Amino acid sequence: MKNHVTWTVQGQIKEGKYDEFLLVMARLVTLAKSEAGTLMYEWTVSEDKRSVHIYERYQDEDAAKAHLAGWGESGPLFLSVVDMDKVTVFSQLSEEFAQAFAGPSSVFMKPVGGFVKF
């Protein structure tokens, strides 16, 4: 758990964009699956098909940075179908990397205990 980098993304699927959202999701999942340090990349949708929650876990900060390096291409694609509400980071990040998440919808949680079984 100590080295893993974990965050969640919450948002609202744009009106009339659900089918397009599914295509975007499939593309982004395929990209993330090819990333060596991506441990978990799980998308869930509310029953009314309006809210999306994405759980992401990376091997370490370098793997998380490698994933975010693709935001220039994947970000506009994602934001074309989802209005992002909140990003919650559940890891202690370097000051430099934390700046990638800086914004009014970001929340930083400091790990204080627990474990992960794999």
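Reading the values: rules and limits
Residues numbered from 1 in each chain as written. Predicted model: local features only at pLDDT ≥ 70, side-chain atom pairs only at ≥ 80, totals over all residues. Heavy atoms only, no water. Phe/Tyr/Trp six-rings, centres within 6.5 Å; stacked < 30°, edge-to-face > 60°. Core = buried A, V, L, I, M, F, W, Y, C linked by side-chain atoms within 4.5 Å. Buried < 20%, exposed > 50% of the residue type's maximum accessible area, 1.4 Å probe, protein only. Helix = DSSP H or I, 4+ residues; strand = E, 2+ residues; numbered from the N terminus. Contact = heavy atoms within 4.5 Å. Pairing = 2+ DSSP bridges. Salt bridge = Lys/Arg side-chain N within 4 Å of Asp/Glu carboxyl O. 1 Å grid on protein atoms, 1.4 Å probe; cavity = no way out; pocket = protein on both sides within 12 Å on 5 of 7 lines; lining within 4 Å. Points joined across faces, edges and corners; volume = space filled by probe spheres on them. Nonpolar A, V, L, I, M, F, W, Y, C, P; charged D, E, K, R; others polar. Arc of directions from axis to C-beta.

Per an unreviewed UniProt entry, the chain goes by the name Antibiotic biosynthesis monooxygenase and belongs to Pseudoalteromonas arctica.

Caption draft 1: Just the packing of aromatic side chains, in detail. For the structure on display, the rule yields 8 aromatic pairs. Here the aromatic cluster, defined as three or more aromatic residues joined through ring pairs, consists of Y18, F21, Y41, W43, W71 and F78.

Caption draft 2: Highlighting the nonpolar core. One finds W7 and W43 to be the most contacted residues of the largest nonpolar core, which totals 24 residues. Contributing elements (two or more residues each) for this core: β1 (5-13), α1 (18-33), β2 (38-45), β3 (51-58), α2 (61-68), β4 (82-89) and α4 (95-98). Excluding its chain neighbours within four sequence positions, the residues that come into contact with W43 are F21, M25, L28, V29, V52, H53, I54 and F78.

Caption draft 3: Spotlight on the pairing of β2. Note: β2 against β3, 7 bridges, orientation antiparallel. Residue pairing in the sheet places T44 in a bridge with H53 of β3.

Caption draft 4: Layout of the pattern of salt bridges. This model, assessed by the stated rule, comprises 4 salt bridges. Across the salt bridge formed by R27 and E73, the nearest N and O atoms sit 2.8 Å from each other. Within this pair, whereas R27 is found in helix α1, its partner E73 is found in helix α3 (residues 71-79), the two being separated by 46 residues in sequence. Overall, E73 belongs to the exposed group, its relative accessible area being 53%. Among the salt bridges present, the one from E61 reaches K65, with a minimum N-O distance of 3.5 Å. Taken together, the residues E61 and K65, both in helix α2 and 4 residues apart, mark about one turn of the helix. According to the relative accessible area criterion, E61 is buried, its value standing at 17%. You can call K65 partly exposed: its relative accessible area is 31%.

Caption draft 5: Local environment of the layout of surface pockets. Within this model, the largest pocket holds a volume of roughly 480 Å³. The wall of the largest pocket is formed by 25 residues, among which W7, E56, H67, L68 and W71 lie closest to the centre. Among the secondary structure elements, those contributing two or more residues to the lining of the largest pocket are β1, α1, β2, β3, α2, α3 and β4. In terms of residues, the lining of the largest pocket owes the most to one element, α3, which gives 5 residues. Here the residues of the lining of the largest pocket are counted per class, giving 16 nonpolar, 6 polar and 3 charged.

Caption draft 6: Seen up close, the environment of A26. Position of A26 relative to the elements: it lies in helix α1. Distance in space between the C-alpha atoms of A26 and A102 is 27 Å, their sequence separation being 76 residues.

Caption draft 7: Focus on α3. Within the sequence span of α3, burial applies to S74, G75 and F78. For α3, the angular spread of the buried residues around the axis is 105 degrees, confining them to a single face. Exposed residues pointing more than 90 degrees away from the buried face of α3 are listed as G72, E73 and P76. In this fold, the buried residues of α3 make contact with β1, α1, β2, β3 and β4.

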